[in-house]
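Each chain, written out:
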Amino acid sequence: MKNTNFWIGNGLLAAAFLTLFFMGTLSDMLGSGAVVLWMALAATGTYFIMKS
């Protein structure tokens, strides 16, 4: 289970990176929700990595 949490966390942090990369487009579509989405992905990814 330890290894699974690590990879889930890395996947979520990769998604957070992609969110930052496309932040301009996402902010046009979602407004300030794009920042909330980025923070949620980064926090959840960090949680899973720290849990492993």
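In the block above lies the structure referred to throughout.
The model shown is predicted, which means the values in this text are computed figures rather than measured ones. (Residues numbered from 1 in each chain as written. Predicted model: local features only at pLDDT ≥ 70, side-chain atom pairs only at ≥ 80, totals over all residues. Heavy atoms only, no water.)

**Considerations on the overall build of the chain**
Link 1 in the chain: Broken down by element type, the chain carries three helices and zero strands.
Link 2 in the chain: Secondary structure of the chain in N-to-C order comes out as α-α-α.
Link 3 in the chain: Overall, the chain is about 40 × 15 × 10 Å in size when its C-alpha atoms are taken along their principal axes.
Link 4 in the chain: Expressed as a percentage of the 52 residues in the chain, the buried residues total 21%. (Helix = DSSP H or I, 4+ residues; strand = E, 2+ residues; numbered from the N terminus. Buried < 20%, exposed > 50% of the residue type's maximum accessible area, 1.4 Å probe, protein only.)

**Focus on a nonpolar patch on the surface**
Link 1 in the chain: Side chains of F17, L18, F21 and F22 sit close together on the surface and give an oily, nonpolar patch of about 470 Å² of accessible area.
Link 2 in the chain: Secondary-structure assignment places L18 in helix 1 (residues 2–21).
Link 3 in the chain: Under the relative-accessibility criterion, L18 is labelled partly exposed at 46%. (Patch = residues over 30% accessible without salt bridge, like charges linked within 9 Å, V, L, I, M, F, W, Y side chains within 5 Å. Areas by Shrake-Rupley, 256 points an atom, 1.4 Å probe, with all protein chains shown as cover. Salt bridge = Lys/Arg side-chain N within 4 Å of Asp/Glu carboxyl O.)

**Here's the deal with the side chain of N5**
Link 1 in the chain: Among the structural elements, N5 can be located in helix 1.
Link 2 in the chain: Ignoring any residue separated from it by four or fewer positions in sequence, one finds N5 in contact with F48, I49, K51 and S52. (Contact = heavy atoms within 4.5 Å.)

**A closer look at the side chain of T19**
Link 1 in the chain: Looking at the secondary structure, you find T19 in helix 1.
Link 2 in the chain: T19 sits in the buried class, given a relative accessible area of 6%.
Link 3 in the chain: Filtering out sequence-adjacent residues up to four positions away, T19 remains in contact with L26, A34, L37, W38 and L41.

**So, the packing of aromatic side chains**
Link 1 in the chain: In total, this model carries four aromatic pairs according to the counting rule given.
Link 2 in the chain: An angle of 90 degrees between the planes, with centres 5.0 Å apart, marks the rings of F21 and F22 as edge-to-face.
Link 3 in the chain: Judged by its relative accessible area of 60%, F21 falls in the exposed class.
Link 4 in the chain: Taken together, the ring pairs connect F17, F21 and F22 into an aromatic cluster. (Phe/Tyr/Trp six-rings, centres within 6.5 Å; stacked < 30°, edge-to-face > 60°.)

**Structural notes on the packing of helix 2 (residues 23–30) against helix 3 (residues 33–51)**
Link 1 in the chain: For the pair helix 2 and helix 3, interaxial distance at closest approach is 7 Å and the crossing angle is 120 degrees. Looking at the two axes, helix 2 sits oblique to helix 3. Judged by residue contacts, M23, L26, S27 and L30 of helix 2 engage G33, A34, V35, L37 and W38 from helix 3.
Link 2 in the chain: Considered class by class, the residues forming the contact of helix 2 with helix 3 number seven nonpolar, two polar and no charged. (Axes fitted to C-alpha atoms, helices over the stretch in contact; angles between N-to-C directions. Parallel < 35°, antiparallel > 145°, perpendicular 65-115°, else oblique. Nonpolar A, V, L, I, M, F, W, Y, C, P; charged D, E, K, R; others polar.)

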